[in-house]
Every structure is written in C-alpha cells, then in structure tokens.
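Each chain, written out:
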Amino acid sequence: AQSVTQLGSHVSVSEGALVLLRCNYSSSVPPYLFWYVQYPNQGLQLLLKYTSAATLVKGINGFEAEFKKSETSFHLTKPSAHMSDAAEYFCAVSDRSGSARQLTFGSGTQLTVLP
Amino acid sequence: ETGVTQTPRHLVMGMTNKKSLKCEQHLGHNAMYWYKQSAKKPLELMFVYNFKEQTENNSVPSRFSPECPNSSHLFLHLHTLQPEDSALYLCASSQDGTGNTIYFGEGSWLTVV
C-alpha cells in the first residue's frame, strides 16, 4: 500500500520569496515520485519526477524537489516565486510493481503568490 | 498542447440525458485512463485501459461506461447521472501501464442538473 500526504492545503508566499510545498509518502517498495501542477481551468501538467537517479530533481519553471529516503519526503521548492506560479500542486507516488493503478495522488496544495 | 485532447471542455446535462466524453492522445501511448476530480477530494482513478483492454475499474457506478476502440481514443459514456457526479473528468495516457509518467488532458467540466 502507498499513500501521499501534502502538508498544508493552502500556502501563501510573497512574490520573490521562497516556495516550499511539502510532500511525505509511504510506500512498501522504492517509489517513483511526481509533482504535477494544475492551473485554473486546466488539466494536470508534470513538473518533475524522481525515478531513482539523482535525488535532487530539477523540473520546469525553476522548480526542484529532493528525494529524502530517511525522511520519506519529496518537498517541492523554488527560490523565488512569480505571480504565474499561483496554481494547485499535486504530489503523487507510484510503486514499481508494474500496475497502472498504483499512482496515488495527494490532496493538493493551493499556492497563492502575493504581490 | 498537451498531446491529450478532451472534448467537450464543458458539458451540462440533465439526470435523464445520455452524453459522452471523448479523449484522444497523440503521443503513441498504449495506456489510457479516466480520473475524476471533485472539489476538496484527491484525484480518483476510475478506469484504466492498457493496449485497449480494461485493466482497472475502481468500483465505478455503472452509469459511467468507458469505451476504448483503439489505443488513441477513449470515451466515457454517461447516462442517468446524479448531481454529485458533477466534477472535472480528466483523461490521461502513458506509454504503458507500468508506472511510466502519466500525461493529462485539460479535462471536461461536467455539471449535472
């Protein structure tokens, strides 16, 4: 069984400030981990993914995430927030069992960027 | 352009209507999915098709009926829906069903009145 917990359903930051969105996972096997972003009235877009290569993963739009096995975390960061980053962010975990059903999403974190 | 196209983007239907949502992927993938996204709930996987065969039905009511005529197209047929079925329905695809990255369409907003 696997699960994802995103701490904080709403996060607000000022433009130019650090963005930190938290994700903790639970998985009985080494996981694949993903961050997706959903802009208003749109579908989910892949930001980045971890698949057991480098633990620090760089994604699009200046985002990156670090896989920390000891903390079972995969937090998403961006050094300087832009207004265009306002969106909902979803963390997801997939096991490697070969089953398509094993992609579990967190409940999402709504990011607000204040001018 | 995400490579996964959904139509219609918005649909309003009565509880006695029959309608269909359509999804087409241009990525050469072999697995396709329907997800339901409701307010304040995590994404719910509804159906999975892998090489045109349904491999997952996540306890979805029979008023939702999927159809996958080929690896590029996926439909969701809707009939006698309830107001609580109002949600964003997301189609997605991946290379195959083995945990590869899933790519999403922009979704179809469904309102049942």
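The following refers to the structure shown. Just so you know, these numbers come straight off a predicted model, no measurement behind them.

Side note on the overall build of chain A
Then, in step 1: Scanning chain A from terminus to terminus reveals zero helices and eleven strands.
Then, in step 2: For chain A, the α and β elements follow one another from N to C terminus as β-β-β-β-β-β-β-β-β-β-β.
Then, in step 3: Its C-alpha radius of gyration of 14 Å places chain A within 12% of the 13 Å reference for a compact globule of 115 residues.
Then, in step 4: Sorting the 115 residues of chain A into buried and exposed places 43% on the buried side.
Then, in step 5: Here chain A has roughly 5300 Å² of accessible surface; of this, 51% comes from carbon and sulfur atoms.
Then, in step 6: Averaging the positions of the 8 positive and the 7 negative side-chain charges in chain A gives two centres separated by 8 Å.

Brief notes about the environment of D95 of chain A
All names here are of chain A.
Then, in step 1: The topology assignment puts D95 in the loop between β9 (87–94) and β10 (103–105).
Then, in step 2: In this structure D95 comes out as buried when scored by relative accessible area, which is 12%.
Then, in step 3: For the pair D95 and S73, spaced 22 residues apart in the sequence, the C-alpha separation amounts to 15 Å.

Here we look at the nonpolar core
What tends to happen in soluble globular proteins is that the nonpolar side chains get buried as a cluster.
Then, in step 1: By size, the foremost hydrophobic cluster in this structure holds 27 residues, and its most contacted members are W35, L48, F74, L76 and Y89 of chain A.
Then, in step 2: Secondary structure elements with two or more residues in this core: β2 (10–14), β3 (19–27), β4 (32–38), β5 (44–50), β7 (64–68), β8 (73–78), β9 and β11 (109–114) of chain A.
Then, in step 3: What Y89 of chain A contacts, discounting residues up to four positions off in sequence, is Q6, L21, W35, Y36, V37, L47, F63, L76, G108, T109 and L111 of chain A.
Then, in step 4: Counting residues in each nonpolar core, the second largest holds 22 residues, with M32, F64, L74 and V112 of chain B among its members.

Thresholds applied
- Residues numbered from 1 in each chain as written.
- Chains lettered and ligands numbered in written order.
- Predicted model: local features only at pLDDT ≥ 70, side-chain atom pairs only at ≥ 80, totals over all residues.
- Heavy atoms only, no water.
- Helix = DSSP H or I, 4+ residues; strand = E, 2+ residues; numbered from the N terminus.
- Rg over C-alpha atoms; globule rule 2.2 N^0.38 Å.
- Buried < 20%, exposed > 50% of the residue type's maximum accessible area, 1.4 Å probe, protein only.
- Areas by Shrake-Rupley, 256 points an atom, 1.4 Å probe, with all protein chains shown as cover.
- Lys, Arg positive; Asp, Glu negative; His and termini not counted.
- Charge placed at Lys NZ, Arg CZ, Asp CG, Glu CD.
- Core = buried A, V, L, I, M, F, W, Y, C linked by side-chain atoms within 4.5 Å.
- Contact = heavy atoms within 4.5 Å.

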